[in-house]
Amino acid sequence: MDNIIPVEPGHGGSVESSSVDNDNREEMMWDSRLETLMKGWGDECKEKSAAHNKAAKKKKCLHRSLAIPSIVLPLFMAAINQVYSEDVELSVWINSIGYFLSGSLTGINTFINYASQYEQHYIADARYYELFTEIESILVKKKKNRVQADVVLEQIKHKYENLNKNSPDI
């Protein structure tokens, strides 16, 4: 019962306090087990960064594959209608097919929302790589020049768990 502090006179006895600092608390030391854990998290961050970058590029390509044709198709339809304006039957077919394709591509792109998805993957890529760099910069320092191990462990663990929880699925 190291945390027993006397109470002011008149209040009787003593009270145990959990908020009193423990002067005998030993600082957590940097050891090979902690460094291995940090390196493991760093390696996972680097891998996840690369995976999110790859996913972002794929989603960006899909977004452009749907968005560009849905923009160009109406322009093409307008030009064709001007050239073949006298052939009503051909104009009807061109308009029907063009509107169907343009509307379908736009609808799919809007519903699936590849633009937002690739943006989220690029953000996750940057954040994972940032955490990887932070871990590397901690581990490159000599042990005596590092912040206390328990403080760093909690900070990195919190950031890593937060990233894993809030990043989009790959």
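Just so you know, these numbers come straight off a predicted model, no measurement behind them.

About the thresholds
Residues numbered from 1 in each chain as written. Predicted model: local features only at pLDDT ≥ 70, side-chain atom pairs only at ≥ 80, totals over all residues. Heavy atoms only, no water. Helix = DSSP H or I, 4+ residues; strand = E, 2+ residues; numbered from the N terminus. Buried < 20%, exposed > 50% of the residue type's maximum accessible area, 1.4 Å probe, protein only. Contact = heavy atoms within 4.5 Å. Areas by Shrake-Rupley, 256 points an atom, 1.4 Å probe, with all protein chains shown as cover. Phe/Tyr/Trp six-rings, centres within 6.5 Å; stacked < 30°, edge-to-face > 60°. Salt bridge = Lys/Arg side-chain N within 4 Å of Asp/Glu carboxyl O. Expected span 1.5 Å × (residues − 1). Patch = residues over 30% accessible without salt bridge, like charges linked within 9 Å, V, L, I, M, F, W, Y side chains within 5 Å. Lys, Arg positive; Asp, Glu negative; His and termini not counted. Charge placed at Lys NZ, Arg CZ, Asp CG, Glu CD. Axes fitted to C-alpha atoms, helices over the stretch in contact; angles between N-to-C directions. Parallel < 35°, antiparallel > 145°, perpendicular 65-115°, else oblique. Left-handed = near helix turned anticlockwise from the far one by under 90°.

Which parts of the structure should I look at to understand the overall build of the protein?
Each helix and strand counted, the protein has four helices and two strands in total. The secondary structure elements of the protein, listed N-terminal to C-terminal, are β-β-α-α-α-α. Burial analysis of the protein (170 residues in total) assigns 27% to the buried set. Taking contacts inside the protein between residues at least 6 apart in sequence as the whole, the part at least 24 apart equals 75%. Approximately 12,300 Å² of the protein is accessible, and the part contributed by carbon and sulfur atoms is 56%.

Explanation requested: the packing of aromatic side chains in the structure shown.
Both the distance between ring centres and the angle between the ring planes are used here to describe each pair of aromatic rings. According to the stated counting rule, one finds three aromatic pairs in the structure shown. Ring centres of Trp-41 and Tyr-160 lie 5.6 Å apart, and the angle between their planes is 25°; on these two criteria the pair is classed as stacked. You can see Trp-41 sitting in helix 1 (residues 32-83) and its partner Tyr-160 sitting in helix 4 (residues 149-166), a full 119 residues away along the chain. Taking relative accessible area as the criterion, Trp-41 reaches 12% and is therefore assigned buried.

Just checking my understanding: could you explain the pattern of salt bridges for this structure?
Counted according to the given criterion, the structure contains three salt bridges. Residue Lys-157 is joined to Glu-154 by a salt bridge in which the shortest nitrogen-to-oxygen separation is 3.8 Å. Note that Lys-157 and Glu-154 are positioned in helix 4 at a spacing of three residues, about one turn of the helix. Looking at Lys-157, the relative accessible area reads 28%, which means it is partly exposed. A relative accessible area of 47% means that Glu-154 is categorised as partly exposed.

Where do I start with helix 2 (residues 88-112) in this structure?
Working note: α-helix, 3.6 residues per turn, so residues spaced by three or four point in the same direction. Spanning 25 residues, helix 2 covers 36 Å between terminal C-alpha atoms, matching the ideal 36 Å at 1.5 Å per step. When helix 2 is considered as a whole, its buried residues turn out to be Ser-91, Ile-94, Gly-98, Ser-102, Leu-105 and Asn-109. Tucked into the core, helix 2 has its buried residues touching helix 1 and helix 3 (114-139).

Before we go on, may I ask you to explain a negative patch on the surface in this structure?
A surface patch of negative charge is lined by Asp-43, Glu-44, Glu-47 and Glu-136. Ranked by residue count, the leading element in the negative patch is helix 1, at three residues. Tracing the sequence through the fold places Glu-47 in helix 1. Glu-47 gets classed as exposed once you look at its relative accessible area, which sits at 57%.

I'm lost on the packing of helix 1 against helix 2 in this one. Help?
Two packed helices can be described by the angle between their axes and the distance between those axes. The N-to-C vectors of helix 1 and helix 2 enclose an angle of 160°; their axes lie 9 Å apart at closest approach. What the angle tells us is that helix 1 and helix 2 run roughly antiparallel. The handedness of the crossing between helix 1 and helix 2 comes out as left-handed. In contact with His-63, Leu-66, Ala-67, Pro-69, Ser-70, Leu-73, Pro-74, Met-77, Ile-80 and Asn-81 of helix 1, helix 2 contributes Ser-91, Ile-94, Asn-95, Gly-98, Tyr-99, Leu-101, Ser-102, Leu-105, Thr-106, Ile-108 and Asn-109.

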